[in-house]
Amino acid sequence: MILELVMLWNLQKARPLWITNLQEDETEEMEGPGSPGQLLNPALAHSVSVASCGNIFSCGAEDGKVRVFRVMGVKCEQELKFKGHTLGVSQVCFLPESYLLLSGGNDGKIRLWDVSTEVEKKQKSPMKHIHRKKTKRGTYTKQDGSTNASVTHEEEHGKISPKLNIEHGEKVNWLLGTKIKGHQNILVADQTSYISLYPLNEC
């Protein structure tokens, strides 16, 4: 049996305080009416990122879903779960001082999500926020002239939608949101020998 576990550890005592099996909720979904009851893409955890507030973290998994958890003392509660990619989510990364979350997938896509609405419902500790505004629809263009990203800001029927969608084209092995000369950018490493850079001026 394959266990898809996420654990909260006490490093002083070198033991886990909290454990969740990502496959459990997926099994419940698959056992619904008309379901074959088989997991084609198990929820293997690939990447974890902690927000600047310190008690919110995200997990990207092989089932293409992004999960957001809140640390509550010695346990964690799942705040949000949504389908982020058509293939496995290889990387997740919170931008500094915000609840803007980057995700990269085996489908070659990079997406930016604003999870602040769900997270701030219960968030009590103060933290800095990047100024959030509605962004007009726009595009980014590669040097070869091809359009590689679109910017949107929308949320329909309670389902979170990406603020930014980048068609990177290669499986994402690593990504990082960082400021370069005062401007927010995304650094991306894939299966090639190059590091790609995408600007986040619109967000």
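Structure report, in brief. Note that the coordinates shown come from a computational prediction; the quantities given were computed from them, not determined experimentally. (Residues numbered from 1 in each chain as written. Predicted model: local features only at pLDDT ≥ 70, side-chain atom pairs only at ≥ 80, totals over all residues. Heavy atoms only, no water.)

### A look at the nonpolar core
Logical step 1: The biggest cluster of nonpolar side chains holds 15 residues, and the ones touching the most others in it are Ile56, Phe82, Phe94, Tyr99 and Val115.
Logical step 2: Elements with a minimum of two residues in this core: β5 (65-72), β6 (75-83) and β7 (89-94).
Logical step 3: Of the residues forming this core, the biggest block, three residues, is contributed by β7.
Logical step 4: If you look at the next biggest cluster of nonpolar residues, it comprises 14 residues, including Leu112, Leu164, Ile166 and Leu200. (Core = buried A, V, L, I, M, F, W, Y, C linked by side-chain atoms within 4.5 Å. Buried < 20%, exposed > 50% of the residue type's maximum accessible area, 1.4 Å probe, protein only. Helix = DSSP H or I, 4+ residues; strand = E, 2+ residues; numbered from the N terminus.)

### Here's the deal with the sheet that holds strand β16 (residues 183-189)
Logical step 1: Reading across the sheet, the three strands line up as β15-β16-β17 and stay open at both edges, with antiparallel pairing between neighbours. At either margin of the open sheet sits one strand with a lone partner, and together these are β15 (174-180) and β17 (195-199). Recorded for the sheet is a direction-independent mean angle of 25° between the axes of neighbouring strands.
Logical step 2: Note that β15 and β16 share seven bridges and pair antiparallel. Within the sheet, the bridge partner assigned to lysine 179 lies in β16 and is glutamine 184. (Pairing = 2+ DSSP bridges. Axes fitted to C-alpha atoms, helices over the stretch in contact; angles between N-to-C directions.)

### Describing unusual backbone geometry
Logical step 1: Residue alanine 14 is not a glycine yet carries a positive backbone phi of 55°.
Logical step 2: Mapped onto the elements, alanine 14 comes out in the loop between β1 (5-10) and β2 (15-21).
Logical step 3: Judged by its relative accessible area of 58%, alanine 14 is exposed.
Logical step 4: Its identity as a non-glycine residue notwithstanding, lysine 181 has a phi of 55°, on the positive side.
Logical step 5: As for its position among the elements, lysine 181 is in the loop between β15 and β16.

### Examining a nonpolar patch on the surface
Logical step 1: On the surface, Leu5, Met7, Trp9, Leu11 and Ile19 cluster together into a nonpolar patch covering about 520 Å² of accessible area.
Logical step 2: Looking at the nonpolar patch element by element, the count peaks at three residues for β1.
Logical step 3: For tryptophan 9, the location among the structural elements is in strand β1.
Logical step 4: Note on tryptophan 9: relative accessible area 45%, which makes it partly exposed. (Patch = residues over 30% accessible without salt bridge, like charges linked within 9 Å, V, L, I, M, F, W, Y side chains within 5 Å. Areas by Shrake-Rupley, 256 points an atom, 1.4 Å probe, with all protein chains shown as cover. Salt bridge = Lys/Arg side-chain N within 4 Å of Asp/Glu carboxyl O.)

### Quick notes on the packing of aromatic side chains
Each pair of aromatic rings is reported with the distance of its centres and the angle of its planes.
Logical step 1: Across all of its chains, the model carries three aromatic pairs by this definition.
Logical step 2: When the ring of phenylalanine 57 is compared with that of phenylalanine 69, the centres are 5.1 Å apart and the planes differ by 15°; the resulting orientation is stacked. Separated by 12 residues along the polypeptide, phenylalanine 57 in strand β4 (residues 56-61) and phenylalanine 69 in strand β5 bring together distant segments of the chain. When sorted by exposure, phenylalanine 57 lands in the same class as phenylalanine 69, which is buried.
Logical step 3: Summarising the aromatic geometry, the rings of phenylalanine 82 and tryptophan 113 are spaced 4.6 Å apart at their centres and angled 50° between planes, so their arrangement reads as tilted. Remark: tryptophan 113 occurs in strand β9 (residues 109-114) and phenylalanine 82 occurs in strand β6; sequence separation between them is 31 residues. Both residues of the pair, phenylalanine 82 and tryptophan 113, count as buried.
Logical step 4: Taken together through their ring pairs, the aromatic side chains of Trp18, Phe57 and Phe69 make up a single cluster. (Phe/Tyr/Trp six-rings, centres within 6.5 Å; stacked < 30°, edge-to-face > 60°.)

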